[in-house]
Amino acid sequence: MNLANMTNKNLIMLDLNVCTKEEAIKLLIDKLYSEGVVSSQKEFFNTVMEREAHSPTGLEKGLAIPHGKCESVNKAAFAVARLNNKISDWESIDENNEVDLIFLLAIPKAEEGSTHLKLLSELSVSLMNEEFYNSLRTAKDSKEFLMNLNSEKKESKEDKTYTKTVLAITACAAGIAHTYMSAEALEKAGKKMGIKVITEKQGANGIEDRHTKVQIEEAAGVIFASDVAVKNMERYQGKQFVKVRVAEPLKNAEKLLTKVLENPDGKVEVSNEEVAASSDSGAKQGILKEMVEAVMTGISYMIPVIVAAGLMMGIAKLAAMGLGQIDNMDTLTQSGNQLYALLGYLDKFGGMIFKFIYPIFAAYVAYSIADRPGLVPGFMGGAFAGGLHFTFWGVEGGVPSGFLGALILGLVSGYVTKFLNEKIKLNKNLQAMKPMFLLPGISVLVVFLLNFYLVDPIFGGLNGWLSNVIASFGTGSTIALTAIIAGCTAFDLGGPINKAAGAIAIGLAADSIFPLTGRVLAIVIPPIGLGLATVLDKYIVKRRVFDENLRVVGNTSILLGLIAISEGAIPFMLKNPLITIPINVIGAIIGSTTAVMLGAVQWNPLPAIWGWPLVENLWAYILGLVVGCMFIALANIFIRFYLIKKEEAKNSDDSMRKIS
């Protein structure tokens, strides 16, 4: 990529006097706007500032590279500001960095996984070249600055003498900025220390710059800088390693390189297809931290399944609604009309995909802990959580354990497999038996017994108890019964408690005793409310409070909520159950009781948008829906914003203590 082609002399401003980061960014955006690079100054400014809130864009030696990706960017470009003064409060990797050279990158939304990554990486790597960097600092005018960009000289790899080689793998949950910035920080530190650092990026574009067998053989150690499970870790058999979060190299790259060479966490031990990182020094990752990483890995693999399933069902249901066949979805497959039958099977196909949400989630939770040997027991645990065993065994009325079961069985699968992998020692001639026979056999048996004697009975018992509670309550208080049914419906998004509430509510409605108003509203309020939270956060608190994975699933969650599929909200619940579940329950109760108190009545089990015309006092129903959704959206935004600010304040205090 030729950097000079990504800008022009009108986008380069030299020797300015600017007091704050915000003022500098606004001046650069004005230039981009005047050159037609962006169509909305306000939208792009908000996008850039949201990115600033997530992690430092200040680097070191006066350099900062803020960047933004949004729909208002017409073409990829960057603007430059070189200052006479220094901005000391620009959050940077180097805590003492005072910014006076700023590159603002503008990337079209459609190019966020390609141009953005390439430009950010190219620019950062180029600026590591002292000669190139100094030529930009000393350019007399914008024309000379542009000429120096065009005559960029890369440091010759052959001219550099390295004493040792260290490999690194970087991977963040979103697979975008931090994956590449972390790699660049390690490479730069390696050049300074005379260590050849070769980084493999496991990001949004898959594995880039994959390590070769020769590189692995020659390496003295490997650094795993990752917030998710590292892919193909078995390649590094016998190599000493250090395992840290992806952001750590941005602060302590030189220390990490020293540590991996002199005081590593341990060695990667591999036997055929098994993988286990055993620590010789006893410095192991905290159990809670490891579990959080495992859950994040499971969610990242589960999200595409939810999106694919929702898309299939959404296309089928919306097309059927357009053809006036929405009331016949269950019987469309029997229609003589080929188009109707196709839509019916497409809807069922989406439902079938949904059955694999928990198997995929639990499999990759276990994979994160135990690597490949954890996939099979994790998948089977997720299959139990999704209730597939009831289907295959012909058990009528079986209650699956849902997301809590998937969470428990996924984690247990991982830790049991990891334990077996570390403790079972076989003769060299029999080693193949462990990954192919002993590990899957024993771990799957453990999962079966745990589910049979603990997980299913606990959730089945809970379901029966709740059914009795709801049934015994009667209809003495309309509002109280509405609140109980709505709260139970929203609790686990299609899980056993939800189904208990549904069974009772539908039975009462079938006997014309009590309408389904609270039940149907509580199905759609959580997914729509959580989806809205991912859209509104940047307007309410002026920053993103959800990571990129959840923002992706948020848009899908709104669509799925409108067609009465609550599973779109499951990733939010799995990642932050202590926040999400209480807010879902309270929001559903507030929305449902508001609608009922204002006179909304729905007797039909049709929570999707096409069932709304059948509601009595639709205005009250819509108002209750809006109230419940907005409560969930705002509560999530403000609570998560508070927690983010609290964490930032803690990190700031820690930094100040280090300086003092």
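Residues numbered from 1 in each chain as written. Predicted model: local features only at pLDDT ≥ 70, side-chain atom pairs only at ≥ 80, totals over all residues. Heavy atoms only, no water.

Going by what an unreviewed UniProt entry lists, the protein chain is known as PTS fructose transporter subunit IIABC and is assigned to Paraclostridium benzoelyticum.

Participant: Account for the layout of surface pockets, naming residues and giving values.
Facilitator: The volume enclosed by the second largest pocket comes to roughly 1,400 Å³. Taken together, 46 residues form the lining of the second largest pocket, with Met313, Lys499, Ala564, Ile565 and Glu567 sitting closest to its centre. The dominant element in the lining of the second largest pocket, judged by the number of residues it contributes, is helix 17 (residues 496-510), at five residues. If you count residues domain by domain, the lining of the second largest pocket takes at least three from each of domain 3 (287-470) and domain 4 (515-650). (1 Å grid on protein atoms, 1.4 Å probe; cavity = no way out; pocket = protein on both sides within 12 Å on 5 of 7 lines; lining within 4 Å. Points joined across faces, edges and corners; volume = space filled by probe spheres on them. Helix = DSSP H or I, 4+ residues; strand = E, 2+ residues; numbered from the N terminus. Domains from an automatic or database assignment.)

Participant: Would you mind going over the packing of aromatic side chains in detail, with residue names and values included?
Facilitator: The final tally for this structure, using the stated rule, is 12 aromatic pairs. Arranged with centres 6.0 Å apart and planes meeting at 50 degrees, the rings of phenylalanine 224 and phenylalanine 241 form a pair that is tilted. Residue phenylalanine 224 is found in strand 9 (residues 221-226), and its partner phenylalanine 241 is found in strand 10 (residues 240-244); the two are separated by 17 residues along the sequence. For phenylalanine 241, a relative accessible area of 6% puts it in the buried group. Each ring, one from phenylalanine 384 and one from phenylalanine 448, has its centre 6.4 Å from the other, and the planes form 45 degrees; the classification is tilted. Pair noted here: phenylalanine 384 is in helix 12 (residues 375-385) and phenylalanine 448 is in helix 15 (residues 433-473), with a separation of 64 residues, a long-range link. The buried category is assigned to phenylalanine 384, whose relative accessible area is 9%. (Phe/Tyr/Trp six-rings, centres within 6.5 Å; stacked < 30°, edge-to-face > 60°. Buried < 20%, exposed > 50% of the residue type's maximum accessible area, 1.4 Å probe, protein only.)

Participant: Now, about the pattern of salt bridges: what can you tell me, with residues and values included?
Facilitator: Applying the stated criterion across every chain yields a total of 12 salt bridges. Arginine 372 is the salt-bridge partner of glutamate 234, the closest N and O atoms lying 2.2 Å from each other. With glutamate 234 in the loop between strand 9 and strand 10 and arginine 372 in the loop between helix 11 (357-370) and helix 12, this pair connects stretches of sequence that are 138 residues apart. Under the relative-accessibility criterion, glutamate 234 is labelled buried at 15%. In this structure, aspartate 537 and arginine 544 form a salt bridge, with 3.3 Å as the shortest nitrogen-oxygen distance. Connected through shared salt-bridge partners, Glu50, Asp537 and Arg544 make up one network. (Salt bridge = Lys/Arg side-chain N within 4 Å of Asp/Glu carboxyl O.)

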